[in-house]
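Structure assessment
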Amino acid sequence: MGEQLSLEFKNISKTFPGVKALSNVSFKAQPGKVCGLVGVNGAGKSTLMNILGGIHQPDEGGEILISGQRVVIEDPKAATRNGIAFIQQEVQAFDTMTVYENILASDLDKWCKKKSLILDRSAMKAEAQKYLDAMDSRIDVETPVYTLTVGDKQIIQIARALSQGGRILLFDEPTASLSDHEVAMLFEVIRKLKAQGYIIFYISHFLDEIFEMCDNIVVLRDGRVVGEAGISDINKEKLVEMMLGYQLEGSAHTRKTELGDVIFQAEHISGEKLPKDFSFALHKGEILGVWGLLGSGRSELFNTILGIDKMVEGKLLFSRNGTLAEITQGEFYKHIGYLTEGRHYDGLFLNMPIGQNITSSNLDEFSTRGLGILNTAKEHEEARRLMKEVNVKAVDENMKVSKLSGGNQQKVIIAKWFLKDPEILFMDEPTKGVDVGAKNEIKELIFQKAENGTSFVVISSELEEIMSLCDRIIVIYEGRLVGEVEKADFSKENLMKGIVSQEEGR
Amino acid sequence: MNKKKIDVYSLSSYFVLLAILIVFGIGGNNFLTLKSLYATMNNGSAQILIACAATFGLLVGIIDLSVAAIGYLSGVVAGMLLHLYNVPYPVAFAAGVAVGVFLGWVNSLLIVKFKMNGMLVTFGMMLVLRAFGRLFTNDKTITIDNVKPMRQARIAALGGLQVSLIILVLIIVILQLVLTYTAFGRKLLLVGCDENVANRIGINSDKIKTQALMLEGLLCGIAGSFFWIVVQGSIVTSGLNGYEFLAIAGAVLGGVSLLGGRGTIFPGAVIGSLILLYLASGMANMGIDLFVTPFVRGIIIFIAMYVDALRTRKIMGNRMS
Amino acid sequence: MSGGLKRFLNDNKQLLIMIGVIAGMFIILSLTVNNFCTVRNLTNLLQQIAPIAIMSAGATYVLVIGGMDISNPAVMAAAAVVGVYYMTTLGGNLVAGAFVILLTAAFMGLINGFAIAKLKMVPMVVTLSMMTVGTGLATILSGTRGLPTLPAEFSDFLNKYTVIVILLAVVIILDFILVRTKFGRMLYYIGNNAKTARISGIDSEKITMITYTISGLCAGIAAVINTASIATARANMGPQSQILDIISAAVIGGVNPNGGSGRVRDAALGAVLIVGLTNVMNLLGVSDYYTTMVKGAIVIGAMGIASFRVHLAAKKGA
């Protein structure tokens, strides 16, 4: 490394079919500095990182310069060769293996003794120790990884990145699953690496972390760099404004919000990790938004209430015939529907027909009482009716779900829960990965259902969407309720208020 | 703290073995003599080596039910060459081992390349290979006399320790060294631990799995064409029958995980197999009904598998759900 | 109406292929083998097919939820030995004896199901242990001299015509349950995506246990039939290699070995094919070894086709 390490993006653009994800992004990162990369979802952060990681190629004309030399990163291996390493929020580790084996896993052949197949274990341990020492970590290189905390695993991931010759480190939401204490530890490590002259990128939704860790900030919006600033030249309000970039508008849909009585109440819900002591009430016909940053415990809140994760403390109250009474999770599940976030992993039976997917949560309706014999004619009829109702575009109900587009798959899940017609529908990111047209259709469906008296609890990380959809939004931060905003007061600033105040109080 | 806990776990198989030896030593007659201890181990040497072979499959997450059948067919090939053509023993041995490696490669082709269900494929293989073996031998018992000197070689200074046992110990030592000290051994564990992560950090897991299955075939070949036919001196149709189960069970008893990524040859598979061997010979020694043995063995194995499931759940914890 | 016909053809593709192959085999054999196409030979053949077909129906259930049960032949032998032991050595009633067989087998299936669903153990290994335990139990109870012969009434009542009726009844009922009832549908859901099934409110632990119990029960029915045909029970009446027949029958019948699809009806036809093939090879004087080899090749080939189908589907989906 004769020349000084540096990384420069020059005129990077990226066009996906129909979408311009990045346009003319140019900036330079310095060694020994932490560069914060901020922007709302869809601003182009991940596309840029994928280009750097060799997963995507930039359009013609863009260049990446490392230490002044033009480099072409054609695949992830090339990225590693050029000293680029990612530290992701989802820890990549081999649980039953020891720490040093994890750190040096990617390049084992290098560790054979001269001209033999035998591994030089003492050299490996010393090498692993070297990286841990560089971070002042006290992890024992011989312990198995499964005994470690997530924070320590994160450190091991960093050590692995360093062992691969990483000089440009990208931290992508590294704190999402860490405790406060672990976050503090991680920051110490990042500071040490910074002092040793690495180039560090830091991506986070947590603005406070950005202000604590970064030396300068690059703000992306709609695929462009809209601002570059030293951390001391900017404040939080200004940064938020740069990220959002435009005046927000009220919802287009005017919905009469005549809410009924409280139908459901969660009291002091605590899970094993998140959420913590969370309480809220839901009215009949209400669309309640749950808003929080990634890793704030939104999905965990749903999973804990519905008994998919263990509920350590708390109780659920549910209204039958107008009186609220305590209800068990098993009993409660009969009155609700749950649209999960990862639709491919746990939302659909991909290799089964649309019709059988739609009826899966409500088989009782199509079967006789005693023997449970299915009335398939009725099943087909109902499936067709629902496909029409939610407008699934498919040949017929016998088509396999795997052949549908993302938006139509999501509509199949919605149809499935509409068929069950539960009193409450929990929806985790109902429009994620769905095109704009389908997004609006799904929104309209939710409105219609709510007007007929179904209550909704909706998680969405898209601010505009959640504000246009919901009647009331509760804000979750680190598993706690930190704010509640009524429809009249909906604004990004008001929603951020709870989070900002928490971050400042930290 | 953590370290201590794990030591207890890996020591537990020694304790079980010791307990079996003590119980039968007290209850049986002449059970605890060097000669009988050697004899049990020598008779079980093929089983021990097949357990080691199965361990390599288990480490990369493949439950291979064809191990014993591969050993059987290798033994048949080696034995028939000796019997019919009177070839020198090394040639027969090499042929048997080559058959083993080849069959391991066939398995890897089906499982790794064509992504077929590993357990079913190897189960089918097991039956087909046995049929081949019976076809070659015409279902007859064949006595092989020209390996007699090798079978009877003993070292008097060590209380009549069979030379074949020394060879077995050597193989075990080499295997464990390969597992702990080579890059290959380490990669096996990494692939078994999490194939996706391994692929992502640049380990070619398909290649490693293929190598593991071929090594398995090699060991089965040695087990069949040396430890089975040389130590027993004859080929019978029921040779090595049921050893696939005993091999996997022994490995799991010794702490090799059924889900891959965790386990050792020694103590692991070897001590686990010794537990099963001495349990059987001890029960026979005490005159317990021969039919009861597989029954008791089945229950012990079941418990071992349950402990494995518990341990896996503990380590994987929430990741499993 | 051609759309409807197309649908029918598409839905029953597997069935039509199976029927075609079996019909072809049947025609060739009737023309070439003497005395093949006689009522006597055909009913005898069906009697031989019955135990395998019934056990492959149970195997279909287990495979559909993405499980595996290789203990079936051993459970069959153990239950038969327990039942015959009860009827002869203990002097029990014959009807009660049949029920003892069924209950024993179902109970062993339940233990499998419990270990797999509740203790979260690997299905292959659990059923492998059950295989040894079952064989051990059968060996202990039948002793060195074997069990005495049953009174003739038992075999007389369960003659080949009754067996054929039982075979048809079991296949029709189990196929109906799988395809036309809520319970059956749940099996497909679990086999397709266990997590989605749970989110859709399906109690997969309970259903897994019931499924393995049904598999055991099928082994029990096969045990009753086999007991009647040899008028006693032996420890070796369910050899290990039989599981290959059972699983290959299901896989040839289009049951996905990785779960999520398949029908009892088609698996039973698979059994007709496999057992028929064995029978024919015996008739032609082909040695046992070649028969096993051919069957092994068939199952590996069938699985190759299954994994090729998955590969194709993945390609189409992407």
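No experiment lies behind these values; they were computed from the predicted model shown. (Residues numbered from 1 in each chain as written. Chains lettered and ligands numbered in written order. Predicted model: local features only at pLDDT ≥ 70, side-chain atom pairs only at ≥ 80, totals over all residues. Heavy atoms only, no water.)

Concerning the overall build of chain A
Here is the rule: Numbering of helices and strands runs from the N terminus, with a helix taken as a DSSP run of H or I at least four residues long and a strand as a DSSP run of E at least two residues long. With C-alpha atoms as the basis for the radius of gyration, the globule rule is written as 2.2 Å multiplied by the number of residues raised to the power 0.38. Think of it in three bands: residues with accessible area under 20% of the maximum for their type are buried, residues over 50% are exposed, and the middle band is partly exposed, with areas taken using a 1.4 Å probe on protein chains only. Exposure was quantified through the Shrake-Rupley algorithm and a 1.4 Å probe, taking into account, for residues, occlusion by the shown protein chains and nothing else. Counted as positive: Lys and Arg. Counted as negative: Asp and Glu. His and the chain ends are not counted at all. Lysine's charge is taken at NZ, arginine's at CZ, aspartate's at CG and glutamate's at CD.
Of regular secondary structure, chain A possesses 17 helices and 20 strands. A globule of 506 residues ought to have a C-alpha radius of gyration of about 23 Å, and chain A, at 25 Å, matches this closely. Overall, chain A is about 75 × 55 × 45 Å in size when its C-alpha atoms are taken along their principal axes. Counting over 506 residues, chain A shows a buried share of 55%. With an accessible surface of roughly 21,900 Å², chain A has 47% of that area assigned to carbon and sulfur atoms. For chain A, the distance from the average position of its 59 positive side-chain charges to the average position of its 74 negative side-chain charges is 4 Å.

Some remarks on helix H6 (residues 118–137) of chain B
Residues and elements named next belong to chain B. Our working definition: Given a helix with a known number of residues, its expected span is that number minus one, times 1.5 Å. Each polar contact in these results corresponds to two N or O atoms within 3.5 Å; when the atoms are within protein, one needs to be able to donate a hydrogen and the other to accept it, and residues that are neighboring in sequence are counted only if both atoms are side-chain atoms.
Compared with an ideal rise of 1.5 Å per residue, which puts 20 residues at 28 Å, H6 spans 28 Å between its outermost C-alpha atoms and is within 8% of the ideal. Counting buried residues in H6 gives 16 out of 20 residues, a clear majority hidden from the surface. Capping the start of H6 is the job of one residue whose side-chain oxygen sits 3.3 Å from the backbone nitrogen of Met-119: Asn-117. Just past H6, the residue Asn-138 takes up positive phi, approximately 60 degrees.

Considering the interface of chain A and chain B
Here is the rule we go by: For this analysis, residues touch if any pair of their heavy atoms sits within 4.5 Å. Gly falls in the polar group here, along with every residue not listed as nonpolar (Ala, Val, Leu, Ile, Met, Phe, Trp, Tyr, Cys, Pro) or charged (Asp, Glu, Lys, Arg).
Contacts between the two partners involve 23 residues from chain A and, on the opposite side, 22 residues from chain B. Put simply, chain A and chain B have 4 residue pairs in polar contact (both at pLDDT 80 or more) between them. Partitioned by chemical class, the residues of the side of chain A that touches chain B number 13 nonpolar, 4 polar and 6 charged.

Thoughts on the state of the cysteines
All names here are of chain A. Using the following cut-off: Pairs of cysteine sulfur atoms within 2.5 Å are identified as disulfides in what follows.
Counted according to the given criterion, the structure contains 0 disulfides over all chains. Cysteine Cys-35 is unpaired, with the sulfur of Cys-214 as its nearest cysteine sulfur at 7.2 Å. Residue class for Cys-35 comes out buried when judged on its relative accessible area of 6%.

Digging into the domain arrangement of chain A
Where we set the bar: Boundaries of every domain are those given by an automatic assignment or by a domain database.
Each assigned domain of chain A is listed with its residue range as follows: domain 1 (1–83 + 171–246), domain 2 (91–166) and domain 3 (262–504). One C-alpha centre belongs to domain 2 of chain A, the other to domain 3 of chain A, and the line joining them spans 42 Å.

Details of the pairing of strand S15 (residues 323–327) of chain A
Residue and element names in this part refer to chain A. Stated precisely, the cut-off is as follows: Each pair of strands is called paired provided DSSP finds at least two bridges between the two strands.
Of the strand pairs in this sheet, strand S14 (residues 311–320) and S15 are connected by 5 bridges, and their pairing is antiparallel. Following the sheet pairing, Phe-318 is matched in S15 by Ala-325. Between the end of S14 and the start of S15, which pair antiparallel, lie 2 residues, with Asn-321 showing a positive phi angle near 50 degrees.

Points about the environment of C:Ala59
As for its placement among the helices and strands, C:Ala59 is situated in helix H3 (residues 39–64). Along the backbone, C:Ala59 and C:Val251 are 192 residues apart, and their C-alpha atoms lie at a distance of 9.8 Å.

Quick word on the nonpolar core
What counts, and what does not: Residues enter a nonpolar core if they are buried and are Ala, Val, Leu, Ile, Met, Phe, Trp, Tyr or Cys, with the set joined through side-chain atoms within 4.5 Å.
One finds A:Phe264, A:Ile305, A:Phe332 and A:Phe426 to be the most contacted residues of the largest nonpolar core, which totals 345 residues. Ranked by the residues each element gives to this core, the list is headed by helix H11 (residues 205–232) of chain B, at 14 residues. With residues near it in sequence (within four places) discarded, A:Phe264 still touches A:Phe280, A:Ala281, A:Leu282, A:Ile305, A:Leu316, A:Leu317, A:Phe318, A:Leu324, A:Phe332, A:Ile424 and A:Phe426. Of all hydrophobic cores here, the second largest spans 29 residues; its members include A:Ile12, A:Met49, A:Leu52 and A:Ile168.

Re unusual backbone geometry
Note the cis peptide between B:Phe266 and B:Pro267, where omega equals 0 degrees. Checked against the element boundaries, B:Pro267 lands in helix H13 (residues 265–285). The backbone phi angle of A:Asn24 is positive, close to 45 degrees, even though this residue is not glycine. One can find A:Asn24 in strand S2 (residues 19–29). Positive phi outside glycine occurs at A:Asp421, with the angle close to 50 degrees. As for its position among the elements, A:Asp421 is in the loop between helix H14 (406–420) and strand S17 (424–428). Assessed through its relative accessible area of 46%, A:Asp421 is described here as partly exposed.

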